[in-house]
Amino acid sequence: MPAASTTLRVLAVSVIASLTVTGCQTLDDAGRALGRADVVNDMASRLDRALELTYSADYLLPGGQTATMAQAQDPARSAYTWPGGRLTVTPEATTRCETAAGRATCTLEAPPAPNAKPSVALFAEAKRRGLVTPPIVVGLLTTAALDPDAVIAQSSTTLAGQHATCVDVQQSAGDFTACVTTQGVLGSFTGQVDGKPVELALTRYRDAVDGTAFDLPTGAGVVDRRPATS
């Protein structure tokens, strides 16, 4: 199972449970909560289903920079690449790479335990560099869904030839728009994340992954912090 899968399922179930409790307060609140639950559940379910796929998606970031999300199955592996860095999760290791002066340095840590809930903090560096990953989007949707004053609207569009459903959120915590393709791949995101403007858009989608997508960068320095095995 891909590293983020348990996180997305736990978040989705948590959101629906919370909204159900909120909806019991008054008839008006119940109607609003039901709508929010439907929106969040649909988007989270799409993102979750995509974790069972093999695909590679390229994104355009501000300033003409690019990023890539890739994942494969049997065994489950995922890789997130952004300007100057990369996060790779495989059954062998969780690997974080940083590139400076043309040379990459990679730190290997223990992989997530099978079927364990991974920490969303795993994606903190990618988020800081402007790459919004699916767990981050689900977290933002969760916050919006639980905000009684937030306005959530749906629409549809086409990105890189892929049909996508979008949610436009207007809230005091910061407006954002997120689009998810029919397959469940993140199509685009525009908004505030941790108080900083973030924007990305899908430019290319393939239902295959290059065999080297999960390899260490050529010539990378390696720091192995995985526990020694006997």
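Below is a short write-up of the structure. (Residues numbered from 1 in each chain as written. Predicted model: local features only at pLDDT ≥ 70, side-chain atom pairs only at ≥ 80, totals over all residues. Heavy atoms only, no water.)

**A word on the nonpolar core**
And step 1. By size, the foremost hydrophobic cluster in this structure holds 41 residues, and its most contacted members are Tyr 59, Leu 131, Val 132, Val 137, Phe 176, Phe 189 and Leu 200.
And step 2. Examining the composition of this core, we find that 6 residues originate from one element, helix H4 (residues 134-145), more than from any other.
And step 3. Those residues within four positions of Val 137 in sequence are excluded, and the remaining contacts are Leu 47, Val 132, Ala 178, Leu 186 and Phe 189.
And step 4. Membership of the second largest hydrophobic core comes to 6 residues, among which are Ala 93, Cys 97, Cys 106 and Leu 108. (Core = buried A, V, L, I, M, F, W, Y, C linked by side-chain atoms within 4.5 Å. Buried < 20%, exposed > 50% of the residue type's maximum accessible area, 1.4 Å probe, protein only. Helix = DSSP H or I, 4+ residues; strand = E, 2+ residues; numbered from the N terminus. Contact = heavy atoms within 4.5 Å.)

**With respect to unusual backbone geometry**
And step 1. Following Asp 74, the chain continues into Pro 75 via a peptide bond in cis, with omega recorded as 5 degrees.
And step 2. Within the fold, Pro 75 resides in the loop between strand S2 (66-72) and strand S3 (77-82).
And step 3. Phi is positive for Asp 74, close to 55 degrees, though the residue is something other than glycine.
And step 4. Note that Asp 74 resides in the loop between S2 and S3.
And step 5. For Asp 74, a relative accessible area of 78% translates into the label exposed.

**So, the pattern of salt bridges**
And step 1. Counted by the stated rule, this structure contains 4 salt bridges.
And step 2. Put simply, Arg 226 and Asp 224 hold a salt bridge, and the shortest N to O gap is 2.7 Å.
And step 3. According to the relative accessible area criterion, Arg 226 is partly exposed, its value standing at 32%.
And step 4. Residue classification places Asp 224 among the partly exposed positions, given a relative accessible area of 44%. (Salt bridge = Lys/Arg side-chain N within 4 Å of Asp/Glu carboxyl O.)

**What to know about the environment of Ala 124**
And step 1. Note on placement: Ala 124 falls in helix H3 (residues 124-128).
And step 2. On the accessibility criterion, Ala 124 (38% relative accessible area) is partly exposed.
And step 3. Placed 12 residues apart in sequence, Ala 124 and Ile 136 show a C-alpha to C-alpha distance of 8.9 Å.

**Notes on the sheet that holds strand S6 (residues 103-109)**
And step 1. Strand order in this open sheet of 12 strands is S7-S8-S9-S10-S11-S1-S2-S3-S4-S5-S6-S12, and the pairing throughout is mixed. In this open sheet, the two strands that pair with only one neighbour each are strand S7 (151-159) and strand S12 (221-224). When strand polarity is set aside, the average angle formed by the axes of neighbouring strands in this sheet is 15 degrees.
And step 2. Across 5 bridges, S2 lies against S3 in antiparallel orientation. Across the sheet, Ala 70 pairs through a bridge with Ala 79, a residue of S3. (Pairing = 2+ DSSP bridges. Axes fitted to C-alpha atoms, helices over the stretch in contact; angles between N-to-C directions.)

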